[in-house]
Amino acid sequence: NRDPSPPQRNSKIPDGSSLPISQSISLKEQVSFVDHTHTVTSVAFSADGKILASGGMDTDVYLWETATTKRIRKISTPMTGINCVAFGPMGQPMAIGSRDLKIHLWDGKHLSLRFLGGHKDGTNALAFAYTAPLLASGSEDGTIKLWDLDTQIERRSFGGSAGRIFSLAFSPED
């Protein structure tokens with residue numbers, strides 16, 4: 001919540017005019033999702049916003065109902081620490097990336113319904129395309145891979161990054 005009358009100061013912009021800038025914004029925690037026994041490393045909302053997934057170093061993924069904050073499922077995984085979770089668009093599986101060399105796809109009934117493998121180090125970032133059955137994965141090994149979810153085949157690999165990949169996103173017009 002914002003203070004209704006925060007202290008103001010002016011900042012000059014290139015045309016010489018001034019803009020008031022708030023010096024403080026107060027944020028208040030609304031909800032806590034607790035159950036993990038170690039660090040939470042990733043959270044993601046389902047496409048309809050009704051479910052929140054959280055993954056962490058305890059190797060578990062929890063699914064939460066956002067309206068009530070009730071835990072609706074605990075997914076215990078065989079992975080060595082969860083680095084990232086991502087929900088696909090409606091009808092696509094949830095993807096889970098970890099320090100192991102596989103991306104696990106979960107359809108709501110079966111963990112690791114399918115595996116995608118090809119990185120030489122852990123997966124840190126996942127992103128689903130909006131309009132096609134594609135998943136992008138980014139790794140500690142500095143590569144980004146584009147996966148065809150229908151065939152489970154790597155379509156393309158982008159390599160040569162000077163460092164680890166921590167974030168990926170598709171444009172809504174992908």
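A brief report on the enclosed structure follows. (Residues numbered from 1 in each chain as written. Predicted model: local features only at pLDDT ≥ 70, side-chain atom pairs only at ≥ 80, totals over all residues. Heavy atoms only, no water.)

**Considering the nonpolar core**
Grouped together as the largest cluster of nonpolar side chains are twelve residues: Ala 44, Ala 53, Val 61, Leu 63, Ile 75, Met 79, Ile 82, Val 85, Phe 87, Met 94, Ile 96 and Trp 106. Sorting the residues of this core by element identifies strand E5 (60-65), strand E7 (82-87) and strand E8 (94-98) as the ones contributing at least two each. Broken down by element, the residue count for this core peaks at three residues, all from E7. Ignoring anything within four residues of it in the chain, the contact list for Ala 53 reads Ser 42, Val 43, Ala 44, Val 61, Tyr 62, Leu 63, Val 85, Phe 87 and Met 94. In this structure, Leu 105, Leu 116, Leu 126 and Leu 149 belong to the second largest nonpolar core, which totals eleven residues. (Core = buried A, V, L, I, M, F, W, Y, C linked by side-chain atoms within 4.5 Å. Buried < 20%, exposed > 50% of the residue type's maximum accessible area, 1.4 Å probe, protein only. Helix = DSSP H or I, 4+ residues; strand = E, 2+ residues; numbered from the N terminus. Contact = heavy atoms within 4.5 Å.)

**Let's talk about the environment of Gly 118**
Within the secondary structure, Gly 118 sits in the loop between strand E10 (114-117) and strand E11 (123-128). Residues Gly 118 and Ser 157, spaced 39 residues apart in sequence, show a C-alpha to C-alpha distance of 9.5 Å. Leaving out residues up to four positions away in the same chain, Gly 118 has contacts with Leu 101, Lys 145 and Trp 147.

**Some points on the sheet that holds strand E12 (residues 134-139)**
Read from one edge to the other, the open sheet built from four strands follows the order E11-E12-E13-E14, with strand pairing classed as antiparallel. Edge positions in the sheet fall to E11 and strand E14 (153-158), since each has one partner strand and no second. Going from strand to strand, the sheet's axes swing by 20° on average, the running direction of each strand aside. As paired elements, E12 and strand E13 (residues 144-148) share five bridges and run antiparallel to each other. Paired with Gly 138 across the strands is Ile 144, a residue of E13. (Pairing = 2+ DSSP bridges. Axes fitted to C-alpha atoms, helices over the stretch in contact; angles between N-to-C directions.)

**Describing the pairing of strand E3 (residues 40-45)**
Look at any regular strand and the pattern is simple: side chains alternate between the two faces of the sheet. Sheet topology places E3 next to strand E4 (residues 51-56); five bridges connect them, and they run antiparallel. Across the sheet, residue Phe 45 finds its bridge partner in E4, namely Leu 52. Between E3 and E4, which follow one another and run antiparallel, lie five residues, and Gly 49 among them has a positive phi close to 75°.

**A short note on the sheet that holds E3**
One open sheet accounts for four strands, arranged E3-E4-E5-E6; its pairing is antiparallel. Every other strand in the sheet has two partners, leaving E3 and strand E6 (71-76) as the edge strands with one partner each. Direction aside, the axes of adjacent strands within the sheet are offset by 15° on average. Bridging between E5 and E6 involves five bridges; their strand directions are antiparallel. Pairing of Val 61 across the sheet is with Ile 75, part of E6.

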